[in-house]
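Architecture at a glance
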4 protein chains.
Amino acid sequence: MADADWFRTSIMARQGVAGGVPGRRHELTDAVQAGTYHYVYGPYAEPVLEIDPGDVVSVETVDAFEGKLKTEQDRPSEKLKMPFLNPQSGPIRVTGAEKGDVLAVHIHAIAPRGPQPRGTTALVPEFGGLTGTTATALLNAPLPERVKKVNVDENGVYWSDRITLPYEPFLGTIGVSPEIEAITSLQPDYYGGNMDLPDVAPGAIIYLPVHHAGAFLYLGDGHAIQGDGELCGVAIEQATTTTLHVDLIKGLDIAWPRLETKDFYMAIGSARPLEDAARIAYRELVRWAAADFGFDTMDAYMLLTQCGKARLGNMVDPKYTVGASVAKWIMHQGGDQASPAQ
Amino acid sequence: MADADWFRTSIMARQGVAGGVPGRRHELTDAVQAGTYHYVYGPYAEPVLEIDPGDVVSVETVDAFEGKLKTEQDRPSEKLKMPFLNPQSGPIRVTGAEKGDVLAVHIHAIAPRGPQPRGTTALVPEFGGLTGTTATALLNAPLPERVKKVNVDENGVYWSDRITLPYEPFLGTIGVSPEIEAITSLQPDYYGGNMDLPDVAPGAIIYLPVHHAGAFLYLGDGHAIQGDGELCGVAIEQATTTTLHVDLIKGLDIAWPRLETKDFYMAIGSARPLEDAARIAYRELVRWAAADFGFDTMDAYMLLTQCGKARLGNMVDPKYTVGASVAKWIMHQGGDQASPAQ
Amino acid sequence: MADADWFRTSIMARQGVAGGVPGRRHELTDAVQAGTYHYVYGPYAEPVLEIDPGDVVSVETVDAFEGKLKTEQDRPSEKLKMPFLNPQSGPIRVTGAEKGDVLAVHIHAIAPRGPQPRGTTALVPEFGGLTGTTATALLNAPLPERVKKVNVDENGVYWSDRITLPYEPFLGTIGVSPEIEAITSLQPDYYGGNMDLPDVAPGAIIYLPVHHAGAFLYLGDGHAIQGDGELCGVAIEQATTTTLHVDLIKGLDIAWPRLETKDFYMAIGSARPLEDAARIAYRELVRWAAADFGFDTMDAYMLLTQCGKARLGNMVDPKYTVGASVAKWIMHQGGDQASPAQ
Amino acid sequence: MADADWFRTSIMARQGVAGGVPGRRHELTDAVQAGTYHYVYGPYAEPVLEIDPGDVVSVETVDAFEGKLKTEQDRPSEKLKMPFLNPQSGPIRVTGAEKGDVLAVHIHAIAPRGPQPRGTTALVPEFGGLTGTTATALLNAPLPERVKKVNVDENGVYWSDRITLPYEPFLGTIGVSPEIEAITSLQPDYYGGNMDLPDVAPGAIIYLPVHHAGAFLYLGDGHAIQGDGELCGVAIEQATTTTLHVDLIKGLDIAWPRLETKDFYMAIGSARPLEDAARIAYRELVRWAAADFGFDTMDAYMLLTQCGKARLGNMVDPKYTVGASVAKWIMHQGGDQASPAQ
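In short, a report on the structure. Note that the structure is predicted; figures quoted are calculated from it, not measured.

Regarding the interface of chain D and chain C
Many analyses report the size of an interface as the accessible area lost when the parts associate. The interface is formed by 65 residues belonging to chain D together with 71 residues belonging to chain C. Where chain D abuts chain C, roughly 5,600 Å² becomes buried across the two surfaces, and 63% of that area is made up of carbon and sulfur atoms. Contact with chain C buries area across many residues of chain D, yet Tyr301, Met302 and Gln306 of chain D alone supply 14% of it, more than any other trio. At the junction of chain D and chain C, the tally comes to 4 salt bridges. For Asp299 of chain C, the salt bridge is made with Arg146 of chain D, and the minimal N-O distance between the two is 3.1 Å. Applying the counting rule to chain D against chain C returns 32 residue pairs in polar contact (both at pLDDT 80 or more). For the side of chain D that touches chain C, the secondary-structure elements that each account for two or more residues are strand S7 (119-123), strand S8 (146-153), strand S10 (164-165), helix H5 (274-293), helix H6 (297-307), strand S20 (309-312) and helix H7 (328-333) of chain D. Across the side of chain D that touches chain C, the residue classes tally to 35 nonpolar, 17 polar and 13 charged.

Regarding the sheet that holds strand S16 (residues 217-223) of chain B
Residue and element names in this part refer to chain B. Strand order across the open sheet formed by 6 strands is S3-S5-S16-S11-S14-S13, with mixed pairing between neighbours. This sheet does not close on itself; its edge strands, each paired only once, are strand S3 (49-51) and strand S13 (188-189). Of the pairings in the sheet, the one linking strand S5 (residues 88-94) to S16 comprises 3 bridges and is antiparallel in character. From the neighbouring strand, Ser89 faces S16, where its bridge partner is Leu219.

Thoughts on the relation of the copies chain B and chain A
For these two chains of identical sequence, chain B goes onto chain A by a turn of 180 degrees and a shift of 0.0 Å along the axis, with RMSD 0.0 Å. Each copy turns onto its partner about a two-fold axis. Using C-alpha coordinates, one finds that chain B approaches the rotation axis most closely at Leu274 of chain B, a distance of 2.7 Å. When the interface residues of chain B are mapped onto chain A, 87% of them again lie at the interface, so the same face is used by both copies.

Things to note about the packing of helix H5 (residues 274-293) of chain C against helix H6 (residues 297-307) of chain C
For any two helices packed against each other, one specifies the crossing angle of their axes together with the interaxial distance. All names here are of chain C. Viewed as axis vectors pointing N to C, H5 and H6 meet at an angle of 130 degrees, and their least axial separation amounts to 9 Å. By the angle class used here, H5 and H6 are oblique. For H5 against H6, the interelement crossing comes out right-handed. Judged by residue contacts, Leu285, Val286, Ala289 and Ala290 of H5 engage Thr297, Ala300, Tyr301 and Leu304 from H6. Of the residues in the contact of H5 with H6, the class split is 7 nonpolar, 1 polar and no charged.

A few points about the interface of chain B and chain A
Residue-level contacts link 70 residues of chain B with 65 residues of chain A. Interface of chain B and chain A: buried area, both sides summed, is about 5,600 Å²; carbon and sulfur atoms make up 63% of it. If you look at where chain B meets chain A, you find 4 salt bridges. The set of elements that each furnish at least two residues to the side of chain B that touches chain A consists of strand S7 (119-123), strand S8 (146-153), strand S10 (164-165), helix H5 (274-293), helix H6 (297-307), strand S20 (309-312) and helix H7 (328-333) of chain B. Here the side of chain B that touches chain A takes 9 residues from H6 of chain B, the largest share from any one element. The class makeup of the residues in the side of chain B that touches chain A is 36 nonpolar, 19 polar and 15 charged.

Looking at the relation of the copies chain D and chain C
With an RMSD of 0.0 Å, the operation that places chain D on chain C is a rotation of 180 degrees combined with a shift of 0.0 Å along the axis. Taken as a fraction of all interface residues of chain D, those also at the interface in chain C reach 95%, which identifies the copy contact as same-surface.

Quick look at H6 of chain D
Burial of H6 of chain D is extensive: 9 of the 11 residues sit out of reach of the surface. For H6 of chain D, the complete set of buried residues consists of Met298, Ala300, Tyr301, Met302, Leu303, Leu304, Thr305, Gln306 and Cys307 of chain D.

Rules and cut-offs
Residues numbered from 1 in each chain as written. Chains lettered and ligands numbered in written order. Predicted model: local features only at pLDDT ≥ 70, side-chain atom pairs only at ≥ 80, totals over all residues. Heavy atoms only, no water. Contact = heavy atoms within 4.5 Å. Buried area = accessible area lost by both parts, 1.4 Å probe. Salt bridge = Lys/Arg side-chain N within 4 Å of Asp/Glu carboxyl O. Polar contact = N/O pair within 3.5 Å; in protein donor to acceptor, adjacent residues only side chain to side chain. Helix = DSSP H or I, 4+ residues; strand = E, 2+ residues; numbered from the N terminus. Nonpolar A, V, L, I, M, F, W, Y, C, P; charged D, E, K, R; others polar. Pairing = 2+ DSSP bridges. Least-squares fit on C-alpha atoms with pLDDT ≥ 70 in both. Axes fitted to C-alpha atoms, helices over the stretch in contact; angles between N-to-C directions. Parallel < 35°, antiparallel > 145°, perpendicular 65-115°, else oblique. Left-handed = near helix turned anticlockwise from the far one by under 90°. Buried < 20%, exposed > 50% of the residue type's maximum accessible area, 1.4 Å probe, protein only.

By themselves, these are just geometric observations and shouldn't be taken as functional.
The structure is reproduced here in structure tokens:
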């Protein structure tokens, strides 16, 4: 089944206000956004663009360091200034979106942009998975600071003379506004945010629960590639041109972001400790199976025990992220059948 | 590269005392083991078999419930009795193994055995990933008890009329004895044990750090298939005939189990909370890259951030398990230094 | 040493802009605040009052349920509506406060107010220390809902015919605004917030790091008494008249709230998992000992191992809270170096 | 009420086989134990002494380092050898103790012994509350090693010229054998072990659930004083002469250790993460209130929210320990009363 074919069967295409049919096309360029990047996910910012359900938006995002780490001689502790990290494009207002709806975002493309070396990774003091942090507060000396610049194009990430990694781009951060909170764009949570989940990639549809009128879609933090967990806290960060197709599902009650691809359904949870992120993700997947596919809750719990997949998004952000998924064909069987073993 | 070919380049084949060449063949049948299954990993049991490095052993394991859950009417709370759960075959004494060595175990095959329905899964009170437990001690009413029996053969796991899952067998529990401790076979730890990691499957080699003279290899807890995290705590449990090729690497200092397949190297960590399991696994992988493949430690940390994979073994046992892995071809490039391991 | 005497030696009295001398007196009554309670700690609200360093403010706070749980027949799931919980009075703007300063708040009195039964505690679905929650996401049935109303006056909390608990009031929630975030008043964090720490009581001084011009002091969530950890998530909630003496310390760099009483110094940390809250609190106490009292860092670490005290604030909020404290007389001895702070 | 008076009303005196009446007196000296200290809690050791319920035993314990850290020039990494740490005296067999019983141990006295400086604390690599460890596995450089020797007598702990801390002795480690496990004496768990809880002090009674015939009481790890959490992992370690009065309660079902003093009842939990230790402790306290004092479970949960106390034992061992307690007078009121507020 080609990508276009499965999309017609997707939740977005079947339940979206615009029926998954692309509408007008918008450009949200650097020039439009410049000087107004956002460092919180919240309702207090002015929308930079308003779109209708079905519209397609091309967004020029800047990298997580707003381009401030230009050379390997730059020191993160001098160039970066909390809380002004992980700049987000947006917010994009979606006409008609209300609390209780779901924003569906089909990611069409994520292209790298800007002069080489476009890719940046770094060791930032007191941040990362294998170091003491501001939360796992220890007395050990911090790790050394480091900046590494790498060339990136759509054919690869040129780590070293010997190692070329594939270009596997995704959005580290995407989400909508909380109802009354404004939360650092470093954090992932029930509205999306800094999930750093590699599945949020071209071809996938992400579903985000709306809490504020107009939804207020934010995005940024493009990654050229990232391993599970984003171990040191910094993927191959890059500026991007990201193309999104946005639709709106009215009155769909989901508590956490969900994701759909050609092959699987995924529920996404973010929390500390990490097991709570996994619990959230898997409970949402169980509830999804029960609410939409006819499974008994305990049956779904037992079945997912055998065939659920867990993807570690990040183990470094203010909350950690896990995606729990299951093959669509399994979900589609539903649960109301006799058990052959009895 | 065929399975046989890559095996000749494996750490086991290159560093094992027997050079990865199969030696004598042993049968550890139910009849030999019967009545002496073990519920702890420890040095206080009598070996049931002694083998030389290189020997191949065929082991008849019983399922995690020792076959006591025979029908869907059985109640776990009546049939199961702590701490006599997860019965282990062995211990197998390996001649010449000493503290500071590593046992290498190449898994040749895991075949289901016994009358149908051979497969068992269950909801056990106060056990599982989405329920209060004896550790996450809550006042909520427990989930209902359940037993589900399923037919299993090498072609599939027959969950229901509509759903046949693939037969993807592995050992939920395998390891060697601690030096002086004897720890419940429900727990995974630095010596292996109940990791419930689906990568411990036919074709893989697992490396286990020896702490006790003779190593004392235990195994059991065969699974016909399991999802990431073993969500409800019980995979498709089955009795097996498991064939293992065992070798010994002298004087190799590893702190936690490691695993090798045709395609990747994996380090395995077990701890609570779950992020500590991930930290252990990834730190061991970083250290492996530095010790054996010529990487600078910080380079390895930054590179694995981009290409490391994390597998959630279990999120239900007394310690949770994560395997962190990286493609062999990447590891083999080494860092900026020359790569000694090729 | 009488309360008035030790206060003259406090950090607030010695370092405050107003030297700990009470200035003008303000009333922030219900009538002034009414209709504008806040459910986030953030910079986006309009100050309801502006004061000078040294000023004394009497604040009428409402209870954490905004008085909506009036009888034991009320159901929390019907009366309460997320995220409009834990209403805060304020924000109070403090003239001259800037990022990098510290607000010092001496709590003079917390008196109960309103008609009897004034005190309310409750079991709220998916909230509390011994139940599955929205983060520790489980499939168990929720606990029953409950509301319990109790009479409260300054002589006691009249739990039942047999049990009268002492009136030991404190502010469950107090803090200043983050720089750009607006965070639910249910959460404690680096700026204070919903710490639910019984030491934040009359007689104590709390020190809060300023992040926003004018500081923006919020407070609410008066408790008539509470045990360590606020086990079920709801203390004896009460409306209060709270009297605060506020001063400003310029250019004092602290990362987390601190507290001073006649007898001890305390550093306060909030995080998940709970050990991270304890790590933050103790690391801040170690750093305090080193920065202000002449201790070598490792000496302070070893000494606090012997004489540090830990108070569990809450184990139920979005972050858990621990206060780590040490007797003042010990801190004042300094390390082997001279002690500059006396 | 004098100590002797309250003891006559204790659970031990009321329910013990010997009725709390002291029986024969035994001496378990260094000479008797020498060369056979134990580093695991388990059933595989030979009892060094057998006593009857009611007997009093005076035990000479060695310090947690078995006296190997003699001067401040000793390096822990050279002198200490895992897993041979925290040597335990015993096991003491108690006649008639069976699985399902409870051992009651009234601590009469803990006197320091050995030549000055008797007290030892230390920084041990990868161990402690504010450092990366073998479980919280990080890449940061370890903290420096340190040994500090201090004079200790029954009047004080002579930390420095300026600081004399009180002598507040307790047993860091005490417990009985698991049924089939043998677990490092560094770990606290359901059978007791290395709880590092300062309440296990002279005057207190500790109740330990028996799992093995004869109970097999172990003890060691005397502390001259310790702060909450045992921050750096090493209290003021000392050799002791400890006097214990031991009794046996038949057929009492408790899941975790409990403790009684003149003033309060305490339940003790050990787990990671730390919130799970707190959950265990508080759930056991709720269950105790319901089982023995007539409280409705939800009433007890709500009441302990207002008046429960939590003591942080350790935040450094393989499991962390929390004691949850409540004043006896409150527990003794029971729960079956009308609520005056209705």
